[in-house]
Amino acid sequence: MVDARGYSCPIPVVMVQRAVKAENPQNLTVLVDEQVCVENVTRFATNQGYKVVSSQEGEDFKLVLTK
């Protein structure tokens, strides 16, 4: 899991990029707290071959990346 709440872009994307590079996970959950981060992480993950499902939980967003 990558908890990127409290960080502004591009930091959440960099955090996800590092997790993908280090672990190459089949599934990865990402937590962010800004809509722009949802869009940027989704764009990156899609380019890496992941399917992204996002949901809003209160003021936070949960993205589930699946290969």
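Residues numbered from 1 in each chain as written. Predicted model: local features only at pLDDT ≥ 70, side-chain atom pairs only at ≥ 80, totals over all residues. Heavy atoms only, no water.

Grouped together as the largest cluster of nonpolar side chains are 18 residues, with contacts concentrated most on Val2, Val16, Leu28, Val30, Val32, Leu63 and Leu65. Sorting the residues of this core by element identifies helix 1 (11-23), strand 2 (27-32), helix 2 (35-47) and strand 4 (60-66) as the ones contributing at least two each. Here this core takes five residues from helix 2, the largest share from any one element. Ignoring sequence-local partners within four residues, the contact set of Val16 consists of Val2, Leu28, Val30, Val41, Phe44 and Leu65. (Core = buried A, V, L, I, M, F, W, Y, C linked by side-chain atoms within 4.5 Å. Buried < 20%, exposed > 50% of the residue type's maximum accessible area, 1.4 Å probe, protein only. Helix = DSSP H or I, 4+ residues; strand = E, 2+ residues; numbered from the N terminus. Contact = heavy atoms within 4.5 Å.)

Further remarks concern helix 2. For helix 2, with 13 residues, the first-to-last C-alpha span of 19 Å sits near the 18 Å given by 1.5 Å per residue. For helix 2, the set of buried residues is Cys37, Val38, Val41, Phe44 and Ala45. Taken down its axis, helix 2 places every buried residue within 140° of arc, on the same side. On its buried side, helix 2 packs onto helix 1, strand 2, strand 3 (51-57) and strand 4. Looking one or two residues past helix 2, Gly49 carries a phi angle of roughly 95°, positive in sign. (Expected span 1.5 Å × (residues − 1). Arc of directions from axis to C-beta.)

A separate point is the pairing of strand 3. As defined by bridge partners, strand 3 adjoins strand 4 across seven bridges and the pair is classed as antiparallel. Note on strand 4: the bridge partner recorded for Lys51 is Thr66. Connecting strand 3 to the antiparallel partner strand 4 that follows it, the hairpin turn spans two residues, and Gly58 within it adopts a positive phi of roughly 70°. (Pairing = 2+ DSSP bridges.)

Okay, the sheet that holds strand 2 next. Spatial ordering of the open sheet is given by 1-2-4-3, a layout of four strands whose pairing is mixed. This sheet does not close on itself; its edge strands, each paired only once, are strand 1 (2-3) and strand 3. Against the sheet, helix 1 engages strand 1, strand 2 and strand 4, with an angle of about 165° to strand 2. Packing against the sheet, helix 2 makes contact with strand 2, strand 3 and strand 4, and its axis sits at approximately 5° to strand 4. (Axes fitted to C-alpha atoms, helices over the stretch in contact; angles between N-to-C directions.)

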